[in-house]
Amino acid sequence: MSSESKDAGKSSQQKEEDKSLQKKDEVKSSWPELVGVDGKDAQKTAEKENPAVKAAIVPEGSFVIMDFRVDRVRIWVDEQGLVTRVPKIG
């Protein structure tokens, strides 16, 4: 059954409520808007927007283990403490 046929009998209010529920279920997994921001502020933002992750500040050039973890976000920063890469889950 297509989504159009599922939505055929729904009111516009019901359709809006469905969209709202879908957005609540979406979990943020990357933060491109944080590039260039202070690392500590980026850390707070990532943890606030996705409470399931722990954000770690990592200086550029550091060696890190390459395992993938759904509960971790690395915040790569330069010598001034500014974010240099898009923070993302991993």
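Basis of the calculations
Residues numbered from 1 in each chain as written. Predicted model: local features only at pLDDT ≥ 70, side-chain atom pairs only at ≥ 80, totals over all residues. Heavy atoms only, no water. Buried < 20%, exposed > 50% of the residue type's maximum accessible area, 1.4 Å probe, protein only. Helix = DSSP H or I, 4+ residues; strand = E, 2+ residues; numbered from the N terminus. Pairing = 2+ DSSP bridges. Phe/Tyr/Trp six-rings, centres within 6.5 Å; stacked < 30°, edge-to-face > 60°. Lys NZ or Arg CZ within 6 Å of the ring centre and 35° of its normal. Contact = heavy atoms within 4.5 Å. Salt bridge = Lys/Arg side-chain N within 4 Å of Asp/Glu carboxyl O.

As a further point, take the pairing of strand β2 (residues 72–77). Side-chain positions along a regular strand alternate between the two faces of the sheet. Of all 6 residues making up β2, 6 are buried, and the element is well covered by its neighbours. By the alternation rule, side chains of β2 split into Arg72, Arg74 and Trp76 and Val73, Ile75 and Val77, which are all buried. When strand β1 (residues 54–59) meets β2, the two strands line up parallel, connected through 6 bridges. Opposite Val58, over in β2, you have Trp76 as the bridge partner.

Further remarks concern the packing of aromatic side chains. In total, this model carries 0 aromatic pairs according to the counting rule given. Looking at Arg85, its charged tip hangs above the ring of Trp76, at a distance of 4.0 Å from the centre.

Below, the discussion takes up the environment of Lys54. Its place among the elements puts Lys54 in strand β1. With a relative accessible area of 55%, Lys54 lands in the exposed category. Note: C-alpha distance between Lys54 and Val70 (16 residues apart in sequence) is 9.6 Å. Excluding anything up to four places from it in sequence, Lys54 contacts Glu47, Asp71, Arg72 and Val73.

Moving on, we come to the pattern of salt bridges. With the rule as written, the count across this model stands at 6 salt bridges. Notably, a salt bridge pairs Lys28 with Glu33, separated by 2.7 Å at the nearest N-O pair. Lys28 sits in the partly exposed class, given a relative accessible area of 29%. Given a relative accessible area of 42%, Glu33 falls into the partly exposed group. In this structure, Asp67 engages Arg72 in a salt bridge whose closest nitrogen and oxygen atoms are separated by 3.2 Å. The exposure class assigned to Asp67 is partly exposed, which follows from its relative accessible area of 33%.

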